[in-house]
Amino acid sequence: MINAQTKLTDKALALAAAGAKVYPSKLDKAPVTPNGFYDGTTDQTKIRQMFARPAAAHAGIHVEGDYLIIDLDVDKVTKEKSGEQQFDNWEHCEAAKAAAVVVDTPSGGKHLWYKAHPAITERFQKGEFRPKIDVLASGGVNFYGPDPSVLSKVQECPVADELMDAISAHKNAIEIAQASARVDDWDTEDSTDDIIWKVTQVLTTQPNDIEHRDDVVRALHGLKASLGERWDELTP
């Protein structure tokens, strides 16, 4: 009978055969080896040695330079597919999904796998694109799919540039909002509707009088990118 350790090693070897640099991780996703995902390799002898360790529970992949992953997470409390719902509101989601190798995760989320893209080379987490969505182009990611050969079928993400633009716009909007929250004379008694009305009036009647007009415009572009198709529904 083939035991779990042998199955995991076989899976790691199959991933390596598909071109992935693999390393073992624990049940909590922490790496088993001293250098973590930097120990990722396609060398069969090293893989057999690493995955013989008792703590090995998953096959992780060092993605940097090889893969781009969009991680659609679930809400840990409600178990709702929040990441997928957020992603579906992005205007380019259909094109992104059509090109992805989709792998279901044990928690009920999804990993969308693509070839690496020069526009995205970092990890964007904790809502830097949208809530419950991580964009991973460096570090390590566990592969949960039952068939490692699917990684040989990964394609380029056709909207990677648009994805990076949306991430940049969203990050700018957050930074501007955080900076605004530190301004001493910010009128916290204004309701959200009041603030939106005032911003609209200023942009419409006195657009050139705003001291940091470019920052305001970038923030609004970030808001539009975050809302996706809902922007047209919410604006006249």
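Conventions we followed
Residues numbered from 1 in each chain as written. Predicted model: local features only at pLDDT ≥ 70, side-chain atom pairs only at ≥ 80, totals over all residues. Heavy atoms only, no water. Helix = DSSP H or I, 4+ residues; strand = E, 2+ residues; numbered from the N terminus. Buried < 20%, exposed > 50% of the residue type's maximum accessible area, 1.4 Å probe, protein only. Contact = heavy atoms within 4.5 Å. Areas by Shrake-Rupley, 256 points an atom, 1.4 Å probe, with all protein chains shown as cover. Polar contact = N/O pair within 3.5 Å; in protein donor to acceptor, adjacent residues only side chain to side chain. 1 Å grid on protein atoms, 1.4 Å probe; cavity = no way out; pocket = protein on both sides within 12 Å on 5 of 7 lines; lining within 4 Å. Points joined across faces, edges and corners; volume = space filled by probe spheres on them. Nonpolar A, V, L, I, M, F, W, Y, C, P; charged D, E, K, R; others polar. Pairing = 2+ DSSP bridges. Expected span 1.5 Å × (residues − 1). Arc of directions from axis to C-beta.

## Overview of the overall build of the chain
Argument step 1. Assigned secondary structure in the chain consists of eight helices and eight strands.
Argument step 2. Within the chain, the proportion of its 236 residues that are buried is 38%.
Argument step 3. Relative to all contacts within the chain whose residues are 6 or more apart in sequence, the contacts with residues 24 or more apart total 70%.
Argument step 4. For the chain, the accessible surface area stands at approximately 13700 Å², while carbon and sulfur atoms represent 50% of it.

## Things to note about the environment of D104
Argument step 1. Here D104 shows up in strand β4 (residues 101-104).
Argument step 2. By relative accessible area, which is 48% here, D104 ends up partly exposed.
Argument step 3. With 33 residues separating them along the chain, D104 and D71 place their C-alpha atoms 10.0 Å apart.
Argument step 4. Apart from residues no more than four positions distant in its own chain, D104 is found in contact with G109, K110 and Y144.
Argument step 5. Side chain to side chain, D104 and K110 meet in a polar contact 2.9 Å long.

## Some details on the layout of surface pockets
Argument step 1. Computed from the structure, the second largest pocket encloses a volume of approximately 570 Å³.
Argument step 2. Looking at the second largest pocket, it is lined by 25 residues, and the ones nearest its centre are K29, D71, D73, H111 and Y144.
Argument step 3. A per-class count over the lining of the second largest pocket returns nine nonpolar, eight polar and eight charged.

## Considering the sheet that holds β4
Argument step 1. Across the sheet, five strands lie side by side as β4-β5-β3-β7-β6; this open sheet has antiparallel pairing. Either end of the sheet is taken by a strand with one partner, and the two such strands are β4 and β6 (123-124).
Argument step 2. Pairing of strand β3 (residues 67-72) with strand β7 (residues 133-136), which is carried by four bridges, proceeds in the antiparallel orientation. Following the sheet pairing, I70 is matched in β7 by V135.

## Side note on the environment of A160
Argument step 1. Topologically, A160 is positioned in helix α5 (residues 160-181).
Argument step 2. As a C-alpha pair, A160 and P118 span 42 residues in sequence and 8.9 Å in three-dimensional space.
Argument step 3. In contact with A160, other than residues within four places in its own chain, are H117 and I120.

## Quick look at helix α1 (residues 4-17)
Argument step 1. The end-to-end C-alpha separation of α1 is 20 Å, in line with the 20 Å expected for 14 residues at 1.5 Å each.
Argument step 2. Among the residues making up α1, those that are buried are L8, T9, A12, L13, L15 and A16. The arc that holds the buried residues of α1, viewed along the axis, is 160 degrees, so those residues lie on one side. For α1, the exposed residues lying more than 90 degrees away from the buried face are A4, K7 and A17.
Argument step 3. Each element contacted by the buried residues of α1 is listed here: β1 (22-25), α2 (44-50) and β2 (58-62).
Argument step 4. By the N-cap criterion, in which a side-chain oxygen at the helix start approaches the backbone nitrogen of a residue two or three places on, α1 is capped by N3, the distance to Q5 being 3.2 Å.

Don't take any of this as a statement about function, it's just geometry.
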